[in-house]
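An overview of the molecular structure
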2 protein chains.
Amino acid sequence: MTNGARSADQIYDILSQRIAERALAPGASLTETVLASEFGLSRTPVREALHRLAGEGLVERGARRAFFVRRMTAADLSDLFESLGEIEATCARLAALRMTEIERDGLNRMVTEMPRDYARHNSSFHAAIRAGARNQILATLALDLERRSLPWRDASLRASAARVEQSRLEHRAIVEAVRDGDGSRAAKLMRSHMAGSLSTISERLG
Amino acid sequence: MTNGARSADQIYDILSQRIAERALAPGASLTETVLASEFGLSRTPVREALHRLAGEGLVERGARRAFFVRRMTAADLSDLFESLGEIEATCARLAALRMTEIERDGLNRMVTEMPRDYARHNSSFHAAIRAGARNQILATLALDLERRSLPWRDASLRASAARVEQSRLEHRAIVEAVRDGDGSRAAKLMRSHMAGSLSTISERLG
DNA sequence: ACTATAAAATATGTATACATATTCTGGCTG
DNA sequence: CAGCCAGAATATGTATACATATTTTATAGT
């Protein structure tokens, strides 16, 4: 995620990360010339990075066509989180139909062991499901939406120990459905798992 | 779809359409300088359009980082069509849960009348379902994937009268499920409807 | 003839200057 | 004082020149 020979790619990665971490807050302005001098480059690669971010919905344009970090309404956020949940659910359904026995066993081992780093574990779990779905495009869409949703997640909720335990239980239930080859149950469980994991930030919507 | 004040947008629209119509065949090279002189513009807006097309997967890069119209393997096509089908199915499920009575009645009228222009009718039908799903992001994803799949559809199949009649029946069944508020049935029917409508071109994959 | 190597060709990557469009500001006018 | 019009300010849009990277081609040596 962090490399690309071209300066434009590096700028894209850096800005993308800053937005995800909210080092660049929603509504912050991103002007080509300012960024160019900050990075010690010309406007050209900065411009390319900004257009790319705009195409992915992380950045918007307003007066004087200036770029700024996207502000989202509650409805926008709801749509975004729901979309991500639906796509992950679709992947779970397909994974239930398509994973090999070996993959199913691996997935099962993953959720029965006690994870040390939950964030990492969670990421691996979802990656395994997406891989099991055998559809590169759906996997890419899920990753894009996830990145797009990062600046809007409620970090405090993620950290909660109770929430982590709850998530572990949900993961296990999903894996059980996958092992049974029960696609629609896997999808349903994944949908509600995502709905619970993703939570909007009610205050300061941008 | 055809307007945008900026030259870069116009170039994007034109190239996008040419690729969809296969006026630019898969594998055709798109060099910035050639296109620039063809459009009577400089490389800058052409460059922007090409990068945007590349980001959407219509165009790829190869030797010398040159751009060319994307070639797809059978597996790529299968993933693309499946993704589109799954997202439309998701929209159908949500529409079954969320459409108003008025919308359901409108949808029902749409599929009981005999359409004069089937392509137009089909497009309206899917648009209505997407609108009923009440999720702007899913709707946009569906439109993007549809545009991306256009160059690869088998036109001969679409024209078939038998196929049109079959589609009409499938539309009616979907509407029935939507009217019943039966989301999972609507999704299932939409999924198989899409699988039947979209067909890969086995010869000349690019 | 074949291989290695260096130079040319070719396409994009980047920098910079200028064009254009839109907002903001200030002063004029009613 | 309100409203409007002109011009400055500001940000992106476009054009063009130059840099860089990679592939092709030509050539020399064995």
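Residues numbered from 1 in each chain as written. Chains lettered and ligands numbered in written order. Predicted model: local features only at pLDDT ≥ 70, side-chain atom pairs only at ≥ 80, totals over all residues. Heavy atoms only, no water.

1. Re the sheet that holds strand β2 (residues 59–61) of chain B
All names here are of chain B. Quick note on the threshold: Two strands are said to pair when DSSP picks up at least two bridges between them. In DSSP terms, a helix is any run of H or I states spanning at least four residues, a strand is any run of E spanning at least two, and both are numbered starting from the N terminus. We call two residues contacting when some pair of their heavy atoms lies within 4.5 Å. All axes are obtained by fitting lines to C-alpha atoms, using only the stretch in contact for helices, and the reported angles, taken between N-to-C directions, cover 0 to 180 degrees.
An order of β1-β3-β2 is seen for the 3 strands of this open sheet, with the pairing classed as antiparallel. The strands lining the two open edges of the sheet, one partner per strand, are β1 (29–30) and β2. With 2 bridges connecting them, β1 and strand β3 (residues 67–69) associate as antiparallel partners. Bridge pairing in β3 links Ser29 to Phe68. In this fold helix α3 (residues 43–55) packs onto β1, β2 and β3, with an angle of close to 100° to the strand it touches most, β2.

2. Brief notes about the interface of chain A and chain B
For the record, the criterion: Joining two parts hides part of their accessible area as seen by a 1.4 Å probe, and the buried area is that hidden amount summed over both. Whenever Lys or Arg places a side-chain nitrogen within 4 Å of a carboxyl oxygen from Asp or Glu, that contact is recorded as a salt bridge. Residues are grouped as follows: nonpolar covers Ala, Val, Leu, Ile, Met, Phe, Trp, Tyr, Cys and Pro; charged covers Asp, Glu, Lys and Arg; every other residue, Gly included, is treated as polar.
Listed by partner, the interface residues are 27 residues for chain A and 27 residues for chain B. Summed over both partners, the interface of chain A with chain B comes to about 2,100 Å²; 46% of that surface belongs to carbon and sulfur atoms. In this assembly, chain A and chain B are joined by 6 salt bridges. If one sorts the elements of the side of chain A that touches chain B by residue count, helix α4 (residues 74–98) of chain A sits on top with 11 residues. The residue inventory of the side of chain A that touches chain B, partitioned by class, reads 8 nonpolar, 5 polar and 14 charged.

3. What to know about the packing of α4 of chain A against helix α7 (residues 136–149) of chain B
Short version of the rule: The scheme is simple: roughly parallel for angles under 35 degrees, roughly antiparallel for over 145, roughly perpendicular for 65 to 115, oblique for anything else.
α7 of chain B packs onto α4 of chain A with a crossing angle of 55° between their chain directions and a minimal axis gap of 7 Å. Taken together, α4 of chain A and α7 of chain B sit at an angle that is classed as oblique. Here Asp76, Asp79, Leu80, Ser83 and Ile87 of chain A of α4 of chain A come into contact with α7 of chain B, specifically with Gln136, Ile137, Leu138 and Leu141 of chain B. Partitioned by chemical class, the residues of the contact of α4 of chain A with α7 of chain B number 5 nonpolar, 2 polar and 2 charged.

4. Some remarks on the protein's contact with DNA strand C
The condition is simple: Residues are classed as near a molecule or strand on a simple rule: at least one heavy atom within 4 Å of it. Polar contact is defined as a pair of N or O atoms within 3.5 Å, subject to the rule that within protein one atom must be able to donate a hydrogen and the other to accept it, and that residues adjacent in sequence are counted only when both atoms are side-chain atoms.
Neighbouring DNA strand C are 21 residues; Arg6, Ser7, Ser42 and Thr44 of chain A together with Arg47 of chain B lie closest to it. Counting only atoms of DNA strand C within 4 Å of the protein, the sugar-phosphate share comes to 67%. Side-chain polar atom of Arg47 of chain B to a phosphate oxygen of DNA strand C: 2.4 Å apart, as the coordinates give it. At the level of secondary structure, the elements contributing two or more residues to the surface near DNA strand C comprise α1 (7–20) and α3 (43–55) of chain A together with α3 of chain B. Along the lines of polarity and charge, the residues of the surface near DNA strand C split into 7 nonpolar, 5 polar and 9 charged.

5. Things to note about the protein's contact with DNA strand D
Near DNA strand D lie 21 residues; those nearest to it are Arg47 of chain A together with Arg6, Ser7, Ser42 and Thr44 of chain B. Counting only atoms of DNA strand D within 4 Å of the protein, the fraction found in sugar and phosphate groups is 64%. Contacts to DNA strand D include Arg47 of chain A, whose side-chain N or O atom sits 2.4 Å from a phosphate oxygen. Between DNA strand D and the protein, one listed contact pairs a phosphate oxygen with a side-chain N or O atom of Arg6 of chain B at 2.8 Å. Where the surface near DNA strand D is concerned, the elements lending two or more residues are α3 of chain A together with α1 (7–20) and α3 of chain B. Each residue belonging to the surface near DNA strand D can be placed in one class, and the counts come to 7 nonpolar, 5 polar and 9 charged.

6. Topic: the domain arrangement of chain A
Residue and element names in this part refer to chain A. Inclusion rule: As annotated, the domain borders come from an automatic or database domain assignment.
In terms of domain boundaries, chain A breaks down into domain 1 (7–69) and domain 2 (74–197). Computed over C-alpha atoms, the centres of domain 1 and domain 2 are 30 Å apart. Taken residue by residue, the interface counts 9 residues in domain 1 and 6 residues in domain 2. For the pairing of domain 1 and domain 2, the buried interface totals around 660 Å² over both sides, and the portion due to carbon and sulfur atoms is 53%.

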